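Chain by chain, the residues run as shown.
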Amino acid sequence: MVGTPADIVFQSYGRCCKSEQFFVDFYDYFMASSPAIKDRFRVTDMSQQRHLLRNGIMQLVLYARGMSDRKLRSLGESHNRSGYNIPSEWYSLWLDSLMKTVSKHDPEYSRALDTCWRDVLTPGIDLIRDAY
Ligand code: HEM
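Nothing here was measured: the structure is a model prediction, and the numbers come from that model.

The rules we used
- Residues numbered from 1 in each chain as written.
- Predicted model: local features only at pLDDT ≥ 70, side-chain atom pairs only at ≥ 80, totals over all residues.
- Heavy atoms only, no water.
- Helix = DSSP H or I, 4+ residues; strand = E, 2+ residues; numbered from the N terminus.
- Buried < 20%, exposed > 50% of the residue type's maximum accessible area, 1.4 Å probe, protein only.
- Polar contact = N/O pair within 3.5 Å; in protein donor to acceptor, adjacent residues only side chain to side chain.
- Contact = heavy atoms within 4.5 Å.
- Core = buried A, V, L, I, M, F, W, Y, C linked by side-chain atoms within 4.5 Å.
- Expected span 1.5 Å × (residues − 1).
- Near = heavy atom within 4 Å.
- 1 Å grid on protein atoms, 1.4 Å probe; cavity = no way out; pocket = protein on both sides within 12 Å on 5 of 7 lines; lining within 4 Å.
- Sits in = over half its atoms within 2 Å of the grid points.
- Nonpolar A, V, L, I, M, F, W, Y, C, P; charged D, E, K, R; others polar.

**Student:** Help me get a handle on the environment of Asp45, residues and values and all.
**Tutor:** By the element assignment, Asp45 lies in the loop between helix H3 (35-40) and helix H4 (46-64). Under the relative-accessibility criterion, Asp45 is labelled partly exposed at 46%. From its side chain, Asp45 meets the backbone nitrogen of Gln48 in a polar contact 3.2 Å long.

**Student:** Describe the side chain of Ser97, with residues and values.
**Tutor:** Along the chain, the position of Ser97 falls in helix H6 (residues 90-105). Here Ser97 is in contact with Phe26, Tyr29, Phe30 and Ser33, once residues within four sequence places are set aside.

**Student:** Would you mind going over the nonpolar core in detail, with residue names and values included?
**Tutor:** Of all hydrophobic cores here, the largest spans 36 residues; its most connected members are Ile57, Trp94, Leu98, Trp117 and Leu121. Elements that contribute at least two residues to this core include exactly helix H1 (5-16), helix H2 (21-32), H4, H6 and helix H7 (111-129). Beyond its immediate chain neighbours, meaning those up to four positions away, Trp117 contacts Val9, Ser12, Tyr13, Ile57, Leu98, Met99 and Val102.

**Student:** Can you explain H4? Please cite residues and give values.
**Tutor:** For H4, spanning 19 residues, the distance from its first C-alpha to its last is 27 Å, which sits close to the expected 27 Å at 1.5 Å a residue. Within H4 the residues assigned to the buried category are Met46, Leu53, Gly56, Ile57, Gln59, Leu60 and Val61. Check the buried side of H4 and you find it contacts H1, H2, helix H5 (70-79), H6 and H7. Just downstream of H4 lies Gly66, where phi reads positive at about 100°.

**Student:** Can you lay out the site of the ligand for me, pointing to particular residues and giving the numbers?
**Tutor:** In the region of the ligand, 17 residues are neighbours, and Thr44, Ser78, His79, Tyr84 and Trp94 sit closest. Here Thr44 contributes a side-chain N or O atom positioned 2.6 Å from an oxygen atom of the ligand. Within the side chain of His79, one N or O atom sits 2.9 Å away from a nitrogen atom of the ligand. Here the ligand is seated within the largest pocket. A class-by-class count of the residues in the shell around the ligand yields 12 nonpolar, four polar and one charged.

What follows is the structure, encoded as structure tokens:
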């Protein structure tokens, strides 16, 4: 693995994004992690949601590379108690589901890469979660 942790994750995400199936698998794992989570996507257009998530994960990575927090603040607002009302415990299930998906899709996946992803994404996830 070469580059800063944020670069390493950026490249790994590029390998994952090659297949649309990455996002299908993510939502399968995430929804399987709790019936209450599955229920939140009951009326969601999942093909549209997969596209929105593709961009959302990119925002987390770009934030780690020093980009403005504006987009993440707006995700914090849409997910807070007056929005989708997403309790803070669900974010660790979100991240675990994401890492399970990365392990399936990135041929270069390793324990070290897993740690790298978690370290890089955590500040951005915390920003969204803390807006609750
Ligand atoms: C919508 C990203 C965590 C549930 C969205 C959207 C994005 C997004 C980009 C669409 C834009 C918007 O409506 O604001 C993320 C990211 C997360 C995260 C990056 C992690 C940091 C979660 C978690 C849940 C969740 C933990 C728990 C169930 C939802 C729901 C919607 C949504 C219910 C709306 C779906 C609909 O339109 O029917 N998310 N999300 N998100 N997210 Fe998240």
